[in-house]
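Report on the structure
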Amino acid sequence: MRNAKAILLTLLLFNSLALTGSIGMTTQDDPPEGLAPEDIWSLDYANHFYPWGGNEKIQFKEFHDYFTMRDRMMQLAEQNDNIMSFHEGLNGGTNARGEETTADTYKGWHYSHPSPWMKITGGGEELEGVYGGECNDFVGDCGNYENIPDIQLVGNHHAREWMSYEVPMMFLETIAYYYGTAGIDNDGDGLIDEDTWGDSDGDGQLDDDGDCLSLDPSFQDSNGDGELCGPGDLGVDEDFPEQQITDLVNTREIYLIPMLNVDGNRYDREVFCPEPAWESCPSGGWRKNLRNNGPEPLPDLTQNIDEDCDGVDLNRNYQFEWGWPLGATIPLIPGTCTPAEDERAGISNNDVYTGPFDTSDNDGDGLINEDNVDGEDDDNDGKVDEDWAGGNSEPETRFIQDLTEMNDDDGDGASDYKATLTWHSYSELVLYPWGHCTGCETPDHAELIYHGNKMAEMTTYENMQSSDLYPTTGDYCDWHYGVHDSYCYTIEIGTAFHQRPEDIDHIAVRNLGIPFYMVQISDNPRERAQIGIQEIDKSQWLISSENLSIPSDGWVPITMCIAPDFPFTNDQNHTHVMWRTVKPTRQQSDFGPKEWIEADWEMTGFEETQNNCTLKDNNNTGTTIVANLPVPDDFSGKLHYKSMLGTRSGTFPFSYPEPAGTYEEISIAYRAPYGNTFMALLLFFIVATAVWGGLGIALKIMVDSGKDEPQLGKKEAQG
């Protein structure tokens, strides 16, 4: 016994020493306190592998060039020909200004490439697609619909800004892969639609589902920008509702021009700053297009590119306030060319050359340049902006001009683009008009700030008026807003002109939500901002599945509380409940809601009631509206529902619940009655007779069979 106790004490002492040593080792080399990426996500997601596959360029590990980008656009258009069509430049004809153009008008000066672009649309409620609707012979596209809003998205005005076409390509890949899908678990954590772009739940965190925050801090800054669980990090804004992408494509016409400045980009990549440009030209590069400027007065007989003087800054070549104010940007004299000092180092007086003066008498009055494009009648002849001093002189800016002014689906003489976006690099900024003047504001200053703040929230970029960065003259956004009343934003992405390849994918992901946001507001950005500033839309609510009571029979009422200042329309095409019923099968139970995308949605309009309701801001002045869904009593399964609200001025949709693309879900049991007592008894006797009668017959057969077996045995024995 003593020996046994001694052995036990020795073992306990050994284990204690071992444990103490183990604790000491842990103190010296602490394991992570939280989770590692592979603990919660799929290996593909944790390793930055995108689900559409492809080579290193398609996976955003290397930069596209013009040729690989063009080929990929053509491939995606072929694979998604219901929603995408590929184009280059414009066909031409007589433009909105009465000028005759041809396809050659829009080809670059040096390499003769037109800008490639993609038209994307599902074609509205009838889903006629990108080859349905009306065709525009001048532009060269079909899929034009009078009642569908349009948006223009442009990358790479400046040749050296390579990331400015990678972001639109990421946007294009995302649409191509996710359109027509729903319920996809994008990060492999077993959940769906739990983390869309921005701070959708208003808690101040971009990581709505908390999966990035659950990581050990050593893993929370996967993009290396110094911000833990910020935009572009793994686990942030990664599980968006795919249905939202489908809905946006089906209700919008998207004109995507990833690389406007093909000439300049080819020259920068192939001659001026070839790869690895991020090492040889970290802060410089070729910026302009390749217009042959001479230099004057000597002719350029060889037609070689004169790096001292050739080229025009495309984002100084639009007509609104072209060349104004003097001294706002260099060159000091607009329309002139000043030789460079050290272009590769980024020191150049010619980098912002605005292009040549216009020498045409645009209005036929015998005078030139007397009414520049500024929204005013400078020459007091009763016409506005008809005899410009310069601008839109380049093939690339002419392309944008005519694509904009010849896009008039409703025939009202105005461009259909109410929202426009252009990508640049670098500075991590969201910029809004004006750019040409300091200490000035547009009439929509508050509204432009509102949308800019939304996009800055998604990216943690800074939102500011363009001229607060530095004044510009003749830029894209001033022209679109000043001439065509289009809410326009410039996004300065990334941290270098020639970003390092390892930064491509996370910068593209960081900026992915912005084009989708712009597409969403493209129906009426002014009204959306005015409603958003007052937070009217945030005060309204749709009854949740937790609070919905299913009646014992009859239609299912779906109620909503509407704010008195929300200008909703009674048109049921734009104010209604979308609903569907689904019966989960074994396969659907195994694979989840992504199978339910095949179930058709139905539409039921709202009706106003006289009942007041309390809004989310505790104001009891809301009005209850109700949609009675004709769900059959004999249905059992799940009911999905969401509300879509439109306004009297055409803004559509405001979606509930948030984020857009999600829906409420409730289980419904079989509600149909089984008949009266007599019918129930009759049914019982019929069933009982069938069951017991069948059982009696079966027993008789078994008994008779049992009687026959011994007799057979006896005969065999006698034999």
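Overview of the structure. (Residues numbered from 1 in each chain as written. Predicted model: local features only at pLDDT ≥ 70, side-chain atom pairs only at ≥ 80, totals over all residues. Heavy atoms only, no water.)

A look at the packing of helix 4 (residues 66-79) against helix 5 (residues 163-178)
The criterion, for reference: Orientation is described by axes fitted as lines to C-alpha atoms, over the contacting stretch for helices, and by angles from 0 to 180 degrees between their N-to-C directions. The helix and strand labels rest on DSSP assignments: H or I over at least four residues marks a helix, E over at least two residues marks a strand, and numbering proceeds from the N terminus. Any angle between 65 and 115 degrees counts as roughly perpendicular, while under 35 counts as roughly parallel, over 145 as roughly antiparallel, and the rest as oblique. In this scheme the crossing of two helices becomes right-handed for a clockwise turn of the near helix relative to the far one and left-handed for an anticlockwise turn of less than a right angle. We call two residues in contact whenever any of their non-hydrogen atoms come within 4.5 Å of each other.
Direction vectors running N to C along helix 4 and helix 5 enclose 20°, while the axes themselves pass 11 Å from each other. Relative to helix 5, the element helix 4 lies roughly parallel. Relative to helix 5, the crossing made by helix 4 is left-handed. Mapping the contact onto sequence places Met-69, Arg-72, Met-73 and Leu-76 in helix 4 and Tyr-165, Met-169, Leu-172, Glu-173 and Ala-176 in helix 5.

Some thoughts on unusual backbone geometry
Definition in use: The cut-offs for exposure are 20% and 50% of the maximum accessible area for each residue type, with area from a 1.4 Å probe on protein chains only; residues under the lower value are buried, those over the upper are exposed, and the others partly exposed.
In this structure, the amide linkage connecting Ser-425 to the following residue, Tyr-426, adopts the cis form with an omega of 10°. If you trace the backbone, Tyr-426 turns up in the loop between strand 9 (417-424) and strand 10 (429-432). In this chain, Tyr-656 is followed by Pro-657 through a cis amide linkage whose omega measures 5°. Looking at where Pro-657 falls in the secondary structure, it is placed in the loop between strand 20 (654-656) and strand 21 (664-668). At Leu-127, a position not held by glycine, the phi torsion is positive, near 55°. Position of Leu-127 relative to the elements: it lies in the loop between strand 4 (116-120) and strand 5 (134-136). For Leu-127, a relative accessible area of 49% puts it in the partly exposed group. At Asn-156, a residue that is not glycine, the phi angle is positive and equals roughly 60°. Along the chain, Asn-156 turns up in the loop between strand 7 (150-155) and helix 5. For Asn-156, a relative accessible area of 0% puts it in the buried group.

Observations regarding the state of the cysteines
Filter applied, for reference: Two cysteine sulfurs form what is called a disulfide whenever their separation falls within 2.5 Å.
Within this structure, the stated rule accounts for six disulfides. The disulfide partner of Cys-212 is Cys-229, and the S-S distance across this bridge is 2.2 Å. Here Cys-212 and Cys-229 share a disulfide; its torsion about the S-S bond, -95°, makes the bridge left-handed. Taken together, the residues span a long stretch of sequence, with Cys-212 in the loop between helix 5 and helix 6 (242-250) and Cys-229 in the loop between helix 5 and helix 6 at a distance of 17 residues. Given a relative accessible area of 0%, Cys-212 falls into the buried group. We classify Cys-229 as buried; its relative accessible area is 5%.

Thoughts on the packing of aromatic side chains
Rules: Pairing of aromatic rings covers Phe, Tyr and the six-membered ring of Trp, with a centre-to-centre limit of 6.5 Å; geometry is then stacked below 30 degrees between planes, edge-to-face above 60, and tilted otherwise.
This model, assessed by the stated rule, comprises 26 aromatic pairs. Plain terms: the ring middles of Tyr-426 and Phe-497 are 5.0 Å apart, the flat faces sit at 75° to each other, and that makes the pair edge-to-face. On the criterion of sequence distance, the pair formed by Tyr-426 in the loop between strand 9 and strand 10 and Phe-497 in the loop between strand 12 (487-492) and helix 13 (504-510) is long-range, its members being 71 residues apart. Taking relative accessible area as the criterion, Tyr-426 reaches 32% and is therefore assigned partly exposed. When the ring of Tyr-481 is compared with that of Tyr-487, the centres are 6.4 Å apart and the planes differ by 65°; the resulting orientation is edge-to-face. Each member of the pair, Tyr-481 as well as Tyr-487, is classed as buried.

Let's talk about the sheet that holds strand 14 (residues 556-562)
Counted only if it meets this: When DSSP finds at least two bridges between two strands, those strands are taken to pair.
Sheet architecture is open: four strands sit in the order 13-14-18-17, paired in antiparallel fashion. Among the strands making up the open sheet, the edge pair consists of strand 13 (541-542) and strand 17 (607-613). As judged from the two bridges shared by strand 13 and strand 14, these two strands associate in the antiparallel manner. In the sheet register, Trp-541 faces strand 14, and the bridge partner there is Cys-561.

Looking at the environment of Glu-173
Of note, Glu-173 is situated in helix 5. With relative accessibility at 1%, the residue Glu-173 sits in the buried group. When the C-alpha positions of Glu-173 and Arg-72 are compared, they lie 9.4 Å apart, and in sequence the two are 101 residues distant. Not counting chain neighbours up to four residues away, the residues in contact with Glu-173 comprise Trp-52, Ile-58, Phe-60, Arg-72 and Leu-76.

What about the sheet that holds strand 7?
Taken in spatial order, the eight strands line up as 1-4-8-7-9-12-10-11 in an open sheet, and their pairing is mixed. Two strands lie at the open edges of the sheet, namely strand 1 (84-88) and strand 11 (462-465), each paired on one side alone. For this sheet, the mean angle separating the axes of adjacent strands, direction not counted, is 20°. Across three bridges, strand 4 lies against strand 8 (residues 253-257) in antiparallel orientation. Counted as the bridge partner of Lys-119 is Tyr-255 from strand 8. Contacting strand 7, strand 8, strand 9 and strand 12, helix 14 (residues 513-521) runs over the sheet at an angle of about 165° to strand 9.

Points about the packing of helix 9 (residues 395-405) against helix 12 (residues 476-484)
In the contact formed by helix 9 and helix 12, the axes pass within 12 Å of each other and the chain directions differ by 30°. One way to sum up the angle between helix 9 and helix 12 is to call them roughly parallel. In the crossing of helix 9 with helix 12, the sense of the turn from one axis to the other is right-handed. Between helix 9 and helix 12, the contacting residues are Ile-400, Gln-401, Thr-404 and Glu-405 on the first element and Tyr-476, Trp-479, His-480 and His-484 on the second.

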